[in-house]
Amino acid sequence: MTHAILIRYDEIGIKGKNRPEFVRRLVENIRRATGLSKEEVQVEWGRIYLHPSGDPQKLCDRLAAVFGVKSCSVALVVPHELERICEAAVELARRAVARGARTFKIEARRSFKAFPMTSMEINRAVGRAVLHALPELRVDVHAPDVTIEVEVRSEGVFLCTERIAGPGGLPVGVAGRALLLLSGGIDSPVAGWMLMKRGVAVDAVYFHSPPYVGEKAKEKVLELGRILARWRADALTLYVPPFTEIQVEVSRVAPPPLWTILFRRFMHRVAERIAEQYGYGALATGESLGQVASQTMENLACVDAVTRRLVLRPLIGLDKAEIVRLARAIGTYEVSILPYEDCCVLFAPRHPETHARRERVEALEARLDVPRLVESALERLEIFSVTERDVSAVVASPST
Ligand code: ATP
Ligand code: MG
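The present account deals with the structure reproduced in this document. Everything numeric here is computed off the predicted structure, so don't read it as measured data.

1. Re the site of ligand 1
Inspection of the region around ligand 1 gives 19 residues, with Leu-181, Ser-183, Asp-187, Ser-188 and Arg-264 positioned closest. Contact distances for ligand 1 include 2.6 Å between an oxygen atom and a backbone N or O atom of Leu-181. Take Arg-264: an N or O atom from its side chain is 2.6 Å from an oxygen atom of ligand 1. With the chains in place, 91% of the 570 Å² that ligand 1 exposes on its own is no longer accessible. A class-by-class count of the residues in the shell around ligand 1 yields nine nonpolar, seven polar and three charged.

Written out as structure tokens, the structure reads:
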């Protein structure tokens, strides 16, 4: 008897022509996340099997953060012999009894049609063997304490009792690349996670305002990047343009209620340039309609007006409680609530404009050298590569 991990995927199974690419990407992400070799991963119709040399339970925990995985199970693998199948089923039943199970059911599936018994026959024969070995167990086909799944496949027979839920969704990378405006707040990391769940490879840009905002705030965003990198199954690139000059200039020409909207417009201009240079199909933010005074339809439109690029706002319809619940589940919440201020807290007007008029905003910007400010931020762009393990590896430093 050997062990394997059986991985089920769902949504991606129905994507017709795209299916091979989806599976290929899922396998690649699984290998990246687990560090397994090519030989340890086997792809069969509708299933992925891992044959790890290490602790299978640990691997299942890791798979819980790989999008595209619907569920996984640690399985016993035996050859196509009824006697061996029964032995393995009895072993699994014995473990279940030790955990308190009193009733069971066998659920056989036979995709390997050369096996001489039907699923029903397998159910009966294996059920009999279990009853014989463990007389304290009873069969209950409706609500059993334990279901022993028996999958007869061409490669062998796989038996398992537990399905560990995966995160579902689509494998990261199949739905393009997006550049997330990542602050140190609660919302934007959740927005990034939502996009990754839909198969988008997300990298991030954080606008940093030294010396008004300390290094701690930047480290906090790097830490959020590290958590997101775990879900991304790959390194996440974090772009950090300096934002101080823009904030100082804006606060010089505009009245405080309009600061937020002008800052945001500058962020989108800079982000768009990064997206152009590094090939991102969309920008993304953590905004949700009406959550704070500044996030009204008029204001969002006024920000969108500065770029032609698609801006994704996956949290648009969620309320704060729902976002917090997700942030906790993802693991970003505890970091997000650390008390290091981000740039917008510092230059936050007490009464932000809720219905910014584009003409008014543009008139104020006409008093600034917008292209130069954008260029100047880009010239001093820092770039970090963030993985789950390495908080930050600098791959490019400021050019000035
Ligand atoms: P968050 O919790 O994501 O900060 P929020 O509700 O606090 O969101 P704001 O702080 O007004 O809202 O920011 C709105 C959005 O603008 C954020 O979700 C984020 O996408 C972007 N953003 C704000 N500040 C920054 C920053 N310093 N760097 C990058 N993006 C930012
Ligand atoms: Mg914020």
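Moving on from the model shown.
2. As for helix 4 (residues 119-133)
Helix length check: helix 4, at 15 residues, gives a terminal C-alpha distance of 21 Å against a target of 21 Å (1.5 Å per residue), a fit within 8%. Those residues of helix 4 that fall on the buried side of the exposure criterion are Ile-122, Asn-123, Ala-125, Val-126, Gly-127 and Val-130. Of the surrounding elements, those touching the buried residues of helix 4 are helix 3 (82-98), strand 5 (103-110) and strand 7 (146-153).

3. Brief notes about a nonpolar patch on the surface
A contiguous nonpolar patch, built from Leu-131, Val-139 and Val-141 and spanning about 230 Å² of accessible area, is present on the exposed surface. Counting through the fold element by element, Leu-131 comes out in helix 4. Relative accessible area serves as the criterion here: at 33%, Leu-131 is assigned to the partly exposed category.

The rules behind these values
Residues numbered from 1 in each chain as written. Chains lettered and ligands numbered in written order. Predicted model: local features only at pLDDT ≥ 70, side-chain atom pairs only at ≥ 80, totals over all residues. Heavy atoms only, no water. Near = heavy atom within 4 Å. Polar contact = N/O pair within 3.5 Å; in protein donor to acceptor, adjacent residues only side chain to side chain. Areas by Shrake-Rupley, 256 points an atom, 1.4 Å probe, with all protein chains shown as cover. Nonpolar A, V, L, I, M, F, W, Y, C, P; charged D, E, K, R; others polar. Helix = DSSP H or I, 4+ residues; strand = E, 2+ residues; numbered from the N terminus. Expected span 1.5 Å × (residues − 1). Buried < 20%, exposed > 50% of the residue type's maximum accessible area, 1.4 Å probe, protein only. Contact = heavy atoms within 4.5 Å. Patch = residues over 30% accessible without salt bridge, like charges linked within 9 Å, V, L, I, M, F, W, Y side chains within 5 Å. Salt bridge = Lys/Arg side-chain N within 4 Å of Asp/Glu carboxyl O.

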